[in-house]
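# Analysis of the macromolecular model
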Amino acid sequence: MNVIKKPRKPVINPDEAELFRAAVSDVVPLTGPARIEHQRLLPQPVPSQRLRDEREALTESLSDQVAWDAGMETGEELSHARNGVGAHTLRKLRRGYWVTQDELDLHGLTVDEARSALTEFLNRSVRRGLRCLRIIHGKGLRSKNREPVLKRKVAGWLIQREEILAFCQAPRADGGSGAVVVLLKGGTRNAER
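Let me begin by describing the structure that accompanies this report. (Residues numbered from 1 in each chain as written. Predicted model: local features only at pLDDT ≥ 70, side-chain atom pairs only at ≥ 80, totals over all residues. Heavy atoms only, no water.)

### Section: helix H4 (residues 111–128)
- Between the first and last C-alpha of H4 there are 25 Å, a value that for 18 residues agrees with the 26 Å anticipated at 1.5 Å per step.
- Check the buried side of H4 and you find it contacts strand S2 (102–105), strand S3 (132–136), helix H5 (149–160), strand S4 (164–169) and strand S5 (179–184).
- Taken from the residues just after H4, glycine 129 is the one with a positive phi, measuring 80°. (Helix = DSSP H or I, 4+ residues; strand = E, 2+ residues; numbered from the N terminus. Expected span 1.5 Å × (residues − 1). Contact = heavy atoms within 4.5 Å.)

Structure follows, in C-alpha cells:
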C-alpha cells in the first residue's frame, strides 16, 4: 500500500529571516502599471442565410429548368412573345421595325460564361433604357455534334426574364439562325450610359 506523505513546511532559520527583513526594509513596493482593459468588439453578424438565398435566387433567375421551347412557336426559327404582346409586335420585330441599339456576341463562351454575360448585358441595357438588342449565340458549327448549344440556352434564359417582351430569329443580314433580336419593355432611361 502506498502512503502519501504530506510535504513539510520549510524550516526557516530565524537569523536568516531577520537578515532578509533588514535587507528589504527600505524597499518600496512597485505600483502596477495602469492597465486599460479593452472591450472586445464583436464582429458584425454575417447574414449567411440571406446571402445564400440571394445567390440561389440569382442562379434560379436564369436557370436551365425551363424547357427551352416553352411558350415559343413551333418550327426551327426561334420566336417568343410574352402574354399580352400581339402578333403584330412580333411581326414588326422580325421585319426590323426597331433599330438594334446594342449587341452581345457569345461566340466561344461556355454555357456559364454565356449566362453571366447575358445577365450583365440585359441588366445594363435595361438601365440604359434600350429597347431593341441583338444577341449572337452562333450556329453551333464548331460545337460538339455541330449543334447550337447556346441557341437553346439563350432562348430559355430570355423567356424567364420579365423585361423581355418578345424575341425572334434575326434577319439573315443580321446573323440569321445564329442570332436573336430582342425587344425590351420601354421605360425611363437612367443616367448610366
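The rest of the description comes next.
### Considering the environment of glutamate 77
- Its place among the elements puts glutamate 77 in the loop between helix H2 (48–61) and strand S1 (79–81).
- A sequence separation of 92 residues divides glutamate 77 from glutamine 169, and the C-alpha atoms of the two residues are 6.0 Å apart.
- Residues within four places of glutamate 77 in sequence aside, it is in contact with Arg94 and Gln169.

### Quick word on the packing of aromatic side chains
- Per the counting criterion, the structure on display carries one aromatic pair.
- Ring centres 5.0 Å apart and planes at 85° place the aromatic pair tyrosine 97 and tryptophan 98 in the edge-to-face group.
- You can call tyrosine 97 exposed: its relative accessible area is 54%.
- Owing to a relative accessible area of 22%, tryptophan 98 belongs among the partly exposed residues under this scheme.
- Over the ring of tyrosine 97 we find lysine 92, and its NZ or CZ is 4.1 Å from the ring centre. (Phe/Tyr/Trp six-rings, centres within 6.5 Å; stacked < 30°, edge-to-face > 60°. Buried < 20%, exposed > 50% of the residue type's maximum accessible area, 1.4 Å probe, protein only. Lys NZ or Arg CZ within 6 Å of the ring centre and 35° of its normal.)

### Here's the deal with the side chain of histidine 137
- You can see histidine 137 is positioned in the loop between S3 and H5.
- If we ignore the near neighbours within four places in the chain, the residues touching histidine 137 are Leu78, Leu106, Leu150, Lys151, Val154, Ser177, Gly178, Ala179 and Val180.

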